[in-house]
Amino acid sequence: MGNETVLVTGATGFVGSRLVERLVLGTDYRVKAMVRRFSGPGLARLARLPVEFVLADLMDLESLTRVAKSCDIIVHCAYGSSGNKTQRQETTVSGTENVLKAALQRDVRKVIHLSSSAVHGRDLKGPAVDESAPFTSDRDLYSASKIEAEKVLWRYQREHALPVVVFRPTLIYGPYGRMWTERIVKEVQAGAILVNGGSGAANLVYIDNLIDAILLAIEKDSGDGEAFILVDDERLTWQDVYTSYADMMGFHPPLQSMSVDEIEAMRKVGQPSVFNQWFVFPWYIGLEVAQYTLRPPEMRRKIKQIPLIRFISKLVPWQIKNQLKGESKSRGTAAANTPPPCHIQLPGKDIVELYTSRSRFSNEKVKRILGYTQRIPFDEAIDLTRSWLQYQRLIP
Amino acid sequence: MIARSEEKVRLAIIGCGAVAEERYLPAFNLVSNLALTHIVDLDVERAQDVANRFRIPNCVDDYRAVFDQVDAVVVATPPKSHARISIDCLNQGLHVLCEKPLATSVEEAQEMINASKQTHTHLAVGMIRRLSWSSQLLNRLVQSGMLGNIRRFDVEEGGEFNWPLRTGHMFQDSNSGGVLADAGSHIIDLLLWSLGSQRAQLVSCRDDNWGGVEANAIIELTVERCSRPVPGRVELSFTRSLRNTLRIYGEKGCLEAPTRGGPEVFFYPDDEQTDPVVLRSLNAKPRKRVEEFAVQLSNFLDSIVNDSKDYVSADETLMTISLIEQCHCSKERLVQSWEMKHLESFFGDEKNG
């Protein structure tokens, strides 16, 4: 099977890039990397390999059919990540249908589809959520369109006997990861807030562990017609995750714990969050005015006599208090040389919901049917991620 | 064939890719003594579209059709065709401004230079980075001797690649694509020019080319200056944001200039850890890259009209081409743990050497 040709859609994305690298450098499969255009940093990364680039667009069936010629397997990693809501939804759902049509026209042996554990929603029930959990859209576009794409896929399998394998990875992290790697690093650098002390369940999967499972599905037919949740074995909390990233950095503002109620109260008083960036500018103008007013200590004492201010003051993190006082030194001796923290951002509602869930996903099925075992444990994965972050100059 | 001074130089642009559309064509509008009469591209439909937008009268798919129609050409095709097209044009008596890298090998470049000499035509190279205020100032300051003896240098240029390519040549030609030939052409040229020397020796080059074209490279080299070797390193990337400055360390301090240009140069009297002194030419004003291309074109055209040489000549880029050629021959790889540690074949048969 090693001499077969694998077409990877979304080849310049996080999962697609690593899959192409692993296929080209570690197996005998021929690889066609599908891209929309000759640009972008993802392309520079892939061009280091002896890989064939093919130009096609998910919304253009003709182009897909052209590039699927002589392909034995399609791994469909692409989804709608740009454009307006309708365009993103269309690209994810109709794009998947186009991939399936092209696969049928070209007698492709198998289609492996990258879905997401988000199809099961965030309000999970039970200690170990498995693939039998119902589809639950959280009203967000990403999970809703992933659900619709899966429905199309299962219909094609039923109606056309097209072998498909679906992966539903949890939160993917590791080198080149944006959301669960770079974003967390930036959050920690700015002063991260741990929801409820970070006690929620962190259902993470390291990128190379996910790729191991995809390679197994390419190689073996035992997983055909199945959906697999992919999550690492370790039962991590968000505190474990944030602490691991924080440990990489040397100086950083301390991680702060806040309850959901505190976060909600903060949100009501107008602290800017990742999801309302438009508020940042007026916030800083307000901060300037407040700094000017509050700099004299006697003025601070007078204002603190107002009960409402006293209450709000308890909720305000120390970095913001320092900013209001016009002080720049961080707390503690170890952080004496740290630049003043700023841009502390409250976690958005989606993140709060995710970070407080205690449910865990199960990877029993992928182990049982595909014979998958996790090769890279969390500690090693974090070490490798640290090396990458240093190479990228994102941490010292 | 040289145009008289009162006449406009008739010009064709060969190659209608990103650099033509984003840089040269907007720059043509800022230069007075030229008439852009032809645009040439194998994709004639695309060329016609661009010709319509920029009001260029003629559009052809074969550069040989412009031989008796123009005085000079700008060659902005993928690098592997630079030598063939330029030599053909030079042999027809046309002056050539060729985009960087001039050629993919010293041998090719030498053939181009020979053609230029034999036909008494101008062969200029588009080393646009030399034209920024900061590069000009750095060059002047280093040549003035303000650093004393030069001890070492350190250059970094890197960012996520986002140039709007029309074709995949940058990622498909192992000799003319990749970060070494692209950013490296500019950076090594800028370094050698700033140090005022075209004598250099490659010590080592490590890159991350695994059978395609490299996206990252770390070069160590020595540049001979005042009969003494000055060591240093050059780091280039298409995937990472690097410092994007050129630092030259001397016995009296360190000068630092942005590799992508700007109005200022920084001087560190002790080392780069201290607060720098900002140096700025009195005439320096913020200038767009298109305006720098206009200056380059204007200088080239003036040289044709006045039979002078106010451009970067092909000879001046030979050492840069040679160093890049040697780098391409290097077999040393940048091995990263996160990338390679678990690459041993998942199914047992090792493929990667």
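What counts and what doesn't
Residues numbered from 1 in each chain as written. Chains lettered and ligands numbered in written order. Predicted model: local features only at pLDDT ≥ 70, side-chain atom pairs only at ≥ 80, totals over all residues. Helix = DSSP H or I, 4+ residues; strand = E, 2+ residues; numbered from the N terminus. Buried ≥ 20, exposed ≤ 12 C-beta atoms within 10 Å, placed from the backbone. Contact = placed C-beta atoms within 7 Å. Rg over C-alpha atoms; globule rule 2.2 N^0.38 Å. Nonpolar A, V, L, I, M, F, W, Y, C, P; charged D, E, K, R; others polar. Domains from an automatic or database assignment. Pairing = 2+ DSSP bridges. Axes fitted to C-alpha atoms, helices over the stretch in contact; angles between N-to-C directions. Arc of directions from axis to C-beta. Parallel < 35°, antiparallel > 145°, perpendicular 65-115°, else oblique. Left-handed = near helix turned anticlockwise from the far one by under 90°. Core = buried A, V, L, I, M, F, W, Y, C linked by C-beta atoms within 7 Å. Right-handed = clockwise from strand over helix to strand, strands pointing away.

A. Quick look at the overall build of chain A. Helix and strand content of chain A: 16 helices and 15 strands. Within chain A, buried positions represent 45% of all 396 residues. Counting contacts in chain A only where the partners sit at least 6 residues apart, residues at least 24 apart contribute 79% of the total.

B. Structural view of the overall build of chain B. Within chain B, the regular secondary structure consists of 11 helices and 15 strands. The C-alpha atoms of chain B give 21 Å as radius of gyration, which agrees with the globular expectation for 353 residues (20 Å, within 12%). By principal-axis analysis of the C-alpha atoms, chain B measures approximately 60 × 55 × 35 Å. Residues classed as buried in chain B amount to 45% of the 353 residues present. Partitioning the contacts of chain B with sequence separation of at least 6, the portion at a separation of at least 24 is 70%.

C. Up close: the interface of chain A and chain B. Counting residues at the interface gives 32 residues for chain A, matched by 34 residues for chain B. Every element with two or more residues in the side of chain A that touches chain B is listed here: helix H1 (14–26), helix H2 (41–46), helix H7 (207–219) and helix H16 (378–391) of chain A. Among the elements that take part in the side of chain A that touches chain B, H16(A) stands out by supplying 5 residues, more than any other. Of the residues contributing to the side of chain A that touches chain B, the split by class is 16 nonpolar, 7 polar and 9 charged.

D. Up close: the domain arrangement of chain B. Each domain of chain B was delimited in the assignment, giving domain 1 (9–126 + 291–313) and domain 2 (132–286). Contacts between domain 1 of chain B and domain 2 of chain B engage 9 residues on the former and 13 residues on the latter.

E. Focus on the sheet that holds strand E2 (residues 30–35) of chain A. Residue and element names in this part refer to chain A. Overall, parallel pairing links the 7 strands, which are arranged E3-E2-E1-E4-E5-E7-E12 in an open sheet. Each edge of the open sheet is held by one strand with a lone partner, namely strand E3 (52–55) and strand E12 (227–230). Neighbouring strand axes in the sheet, compared pairwise and without regard to direction, differ in orientation by 20° on average. As defined by bridge partners, strand E5 (residues 110–114) adjoins strand E7 (residues 164–169) across 4 bridges and the pair is classed as parallel.

F. Geometry of helix H14 (residues 349–356) of chain A. All names here are of chain A. Ile351, Val352, Leu354 and Tyr355 are the residues of H14 that are buried. Down the axis of H14, the sector holding all buried residues measures 165°, keeping them to one side. Buried residues along H14 sit against strand E9 (193–195), helix H8 (238–247) and helix H9 (260–268).

G. Structural detail: the sheet that holds strand E4 (residues 72–75) of chain B. Residues and elements named next belong to chain B. The 7 strands lie next to each other as E3-E2-E1-E4-E5-E6-E15, forming an open sheet whose pairing is mixed. Edge positions in the sheet fall to strand E3 (58–60) and strand E15 (312–313), since each has one partner strand and no second. Inspection of the sheet shows strand E1 (residues 9–14) paired to E4 by 4 bridges, in the parallel sense. Among the inter-strand pairings, alanine 12 is bridged to a residue of E4, identified as valine 73.

H. Summary view of the packing of helix H1 (residues 18–28) of chain B against helix H9 (residues 289–306) of chain B. All names here are of chain B. At a minimum axis separation of 8 Å, H1 and H9 run at an interaxial angle of 60°. By the criterion of interaxial angle, the relationship of H1 to H9 is oblique. Our pair here, H1 against H9, has a crossing hand that is right-handed. Here Arg23, Tyr24, Pro26 and Ala27 of H1 come into contact with H9, specifically with Arg289, Val290, Phe293, Ala294 and Leu297. For the contact of H1 with H9, the residue count by class is 7 nonpolar, no polar and 2 charged.

I. Summary view of the nonpolar core. Membership of the largest hydrophobic core comes to 208 residues, with the highest contact counts inside it found for Val8(A), Val20(A), Ala213(A), Ile214(A) and Val73(B). Shared between two domains, this core takes at least three residues from each, and those domains are domain 1 (9–126 + 291–313) and domain 2 (132–286) of chain B. In contact with Ile214(A), other than residues within four places in its own chain, are Leu19(A), Val75(A), Ile112(A) and Phe167(A).

J. Quick peek at the pairing of strand E4 (residues 73–76) of chain A. All names here are of chain A. Here E4 shows two buried faces, one formed by Ile73 and Val75 and the other by Ile74 and His76. Of the pairings in the sheet, the one linking strand E1 (residues 5–9) to E4 comprises 4 bridges and is parallel in character. The residue bridging leucine 7 from the neighbouring strand is isoleucine 74, located in E4. Strand direction decides the pairing type here: E4 and E5, joined by 4 bridges, are parallel. What sits directly across from valine 75, in E5, is isoleucine 112. Once you follow E4 into helix H4 (residues 85–105) and on to E5, the crossover reads as right-handed.

K. Geometry of unusual backbone geometry. Omega for the peptide link from Lys100(B) to Pro101(B) comes to -15°, which places this bond in the cis form. Looking at the element boundaries, Pro101(B) is found in the loop between strand E5 (95–99) and helix H4 (106–119). Phi is positive for Tyr176(A), which is not a glycine, with a value near 75°. Looking at the element boundaries, Tyr176(A) is found in the loop between strand E8 (171–173) and helix H6 (178–190). For Tyr176(A), a count of 20 C-beta atoms within 10 Å gives the class buried. Not every positive phi belongs to a glycine, and Ser227(B) is a case in point at roughly 65°. If you trace the backbone, Ser227(B) turns up in the loop between strand E9 (216–225) and strand E10 (228–237).

L. Representation of the pairing of E2(A) within the structure. Residue and element names in this part refer to chain A. Of all 6 residues in E2, 5 are buried; the element is thus mostly enclosed. As paired strands, E1 and E2 are joined by 4 bridges and run parallel to one another. Paired with threonine 5 across the two strands is arginine 30, which belongs to E2. Between E1 and its parallel partner E2, the chain crosses via H1, and the hand of that crossover is right-handed.

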